[in-house]
Amino acid sequence: GGTGPLSLVDRIDFSNDNATASLRGPLFTARNGLAATGNSNYGWFGGGAPGPLSTVDRIDFSNDSGTSSPRGPLSSVRKELAATGNSNYGWFSGGQFESRVDRIDFSNDSPAASVRGSLSSARQHLTATGNSNYGWWGGGGVSPTFYSTVDRIDFSNDSSTALVRGPLSSARGYLAATGNSNYGWFGGGSPSTAAIINRIDFSNDSTTAS
């Protein structure tokens, strides 16, 4: 987004999500245009601007009132990227002029992230979601030109270039995604498709998202 840079962290209580989110400990580095992923215990926030930056901050969910701790950096400076992961690793990819994929090993996150394969094309303002086996990166581009492209990374073979799967229903950037083990939902975005939600069926991802 265009606001910031900020270091604020808000926490939503899923058991009481009608209340205003509570302010927790800040990120170590204030920035915007970053990406994040995590597992059940920690959250990793990487990249961003101004800079761009390669900085990675880690939030300990069991002690989220403290300032996040700096961990090993990404392999390159980048902003407006996207990330997803499983319980063991996090994959950060895309960003300004970037297609490379970085992988953070959650069990040893102090070294620099390792470079893996790449997306099918360099693009920014994209988003990502995944399950335990694969990650899907969708949309993005370079404003005002955006794409409907969806790339899939096989986590068990992440040194290869991502495979292009069925596209989103429309080209867009600045969107967001979430998912479960079976489906991924891609919503919002720019330029004129802000209310559209697409669903990718992970078991049949070669067709256009519904």
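Now for a look at the structure at hand. What you are looking at is a predicted structure, and each value in this text was computed from that prediction instead of being measured. Going along each chain's sequence as written, the residues are numbered from 1 onward. Thresholds applied to this predicted model are a pLDDT of at least 70 for local features of residues and 80 or more for the giving and counting of side-chain atom pairs; totals over whole chains, interfaces and linings are not thresholded and use all residues. Water and hydrogen atoms were dropped before computing side-chain values, which therefore reflect all heavy atoms in the structure.

In this text, helices come from DSSP runs of H or I with a minimum length of four residues, and strands from runs of E with a minimum of two, each type numbered from the N-terminal end. Within the secondary structure, arginine 71 is located in the loop between β6 (69-70) and β7 (82-85). Here a residue-residue contact requires only that any non-hydrogen atoms of the pair lie within 4.5 Å. Not counting residues within four places of it along the chain, the set of residues in contact with arginine 71 comprises Trp44, Val56, Arg58, Asp109 and Ser110. Throughout this description, a polar contact denotes any pair of N or O atoms lying within 3.5 Å of each other; where both atoms belong to protein, one of them has to be capable of donating a hydrogen while the other can accept it, and for residues adjacent in sequence the pair is counted only when both atoms sit in side chains. Of the polar contacts made by the side chain of arginine 71, one reaches the side chain of aspartate 109; its length is 3.0 Å.

Below, the discussion takes up the pattern of salt bridges. By convention in these notes, a salt bridge is any Lys or Arg side-chain nitrogen within 4 Å of a carboxyl oxygen on Asp or Glu. In the structure shown here, the tally under the stated rule is 12 salt bridges. For aspartate 158, the salt bridge goes to arginine 103, with nearest N and O atoms at 3.1 Å. Note that aspartate 158 is positioned in the loop between β15 (150-154) and β16 (163-165) and arginine 103 in strand β9 (residues 100-105), a separation of 55 residues in sequence. You'll find aspartate 158 and arginine 103 in the same group, each marked buried. Here the salt bridges share partners, and the residues they tie into one network are Arg11, Arg24 and Asp64. Three exposure classes are used, based on accessible area relative to the maximum for each residue type with a 1.4 Å probe and protein chains only: buried under 20%, partly exposed in between, and exposed over 50%.

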